[in-house]
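# A structural walkthrough
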Amino acid sequence: MQTIFVMVKCELGKAYEVADSAVAVEQVSEVYSTSGQYDLLMKCYLDEKTDIGHFVTSEIQTLPGVKDTFTLITFKAFS
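Sequence order sets the numbering: in each chain, residues are counted from 1 along the sequence as written. Given that this is a predicted model, residues contribute local features only at a pLDDT of at least 70 and side-chain atom pairs are listed and counted only at 80 or more, while totals for whole chains, interfaces and linings are drawn from all residues. Side-chain descriptors were evaluated using all non-hydrogen atoms of the structure, hydrogens and water having been removed beforehand.

## Here we look at helix H1 (residues 15-22)
What counts is decided by this rule: Three labels apply to residues, based on accessible area from a 1.4 Å probe with only protein chains included: buried if under 20% of the type maximum, exposed if over 50%, partly exposed otherwise in between. Helix and strand definitions follow DSSP, with helices as H or I runs of at least four residues and strands as E runs of at least two, each counted in order from the N terminus. Working definition: the arc comes from the directions between the helix axis and the C-beta atoms, pointing outward to the latter. Pairs of residues are marked as contacts when any of their non-hydrogen atoms sit within 4.5 Å.
Taken residue by residue, H1 has Val18, Ala19 and Ala22 as its buried positions. For H1, the angular spread of buried residues about the axis comes to 100°, placing them on one side. Projecting away from the buried face of H1 at angles above 90 degrees are the exposed residues Tyr16 and Asp20. Residues of H1 that are buried sit in contact with strand E1 (2-10), strand E2 (28-33), strand E3 (40-46) and strand E4 (66-73).

This is the structure:
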C-alpha cells in the first residue's frame, strides 16, 4: 500500500462540493479543508501497482470544481 497526499485548489465556492465528491472515491481516506494556497488536502491509499499519475489525473483532477492539484508522495510513516 502506498500513501499519497493531494492538495487541491478548487473553483471559487466549490470546496465543499469537491470534498463531498472526493470522499466517494474509494482510495480517498480523508479530506481536510485547509488555509493557504490550496483549499483541500486529501489522504489517499493506493495499491502498490496503481500508477499515481494516472490515479490523480483520472480520479481527482476530473472531480467537478477541481482547478489545480499538487501531489506529495510519501516514503515512510513514523509512529
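Now, onward.
## Looking at the environment of Ile60
With respect to the helices and strands, Ile60 occurs in helix H2 (residues 52-60). Considered as a pair, Ile60 and Val18 are 42 residues apart in the sequence and their alpha carbons are 9.3 Å apart. Residues in contact with Ile60, not counting those within four places in the same chain, are Val6, Val8, Val28, Met42, Phe55, Val66 and Thr69.

## Quick notes on the packing of aromatic side chains
Applicable threshold: Only the six-membered ring of Trp is used, alongside the rings of Phe and Tyr, when aromatic pairs are assigned; centres must lie within 6.5 Å, and planes under 30 degrees apart are stacked while those over 60 apart are edge-to-face, with the rest tilted.
Inspection of every chain in the model, using the stated rule, returns one aromatic pair. Ring geometry for Tyr38 against Phe70: centres 6.3 Å apart, planes inclined by 40°, an arrangement best described as tilted. Separated by 32 residues along the polypeptide, Tyr38 in the loop between E2 and E3 and Phe70 in strand E4 bring together distant segments of the chain. In this structure Tyr38 comes out as buried when scored by relative accessible area, which is 10%. Overall, Phe70 belongs to the partly exposed group, its relative accessible area being 40%.

## Observations concerning the nonpolar core
Defined as follows: For our purposes a nonpolar core is just a set of buried Ala, Val, Leu, Ile, Met, Phe, Trp, Tyr and Cys residues, chained together by side-chain atoms within 4.5 Å.
Ile4, Val6, Val8, Met42 and Phe55 are the most contacted members of the largest nonpolar core, which has 19 residues in total. For this core, the secondary structure elements donating two or more residues are E1, H1, E3 and H2. What Met42 contacts, discounting residues up to four positions off in sequence, is Ile4, Phe5, Val6, Val8, Val18, Ala22, Val28, Glu30, Val31, Ile60 and Leu63.

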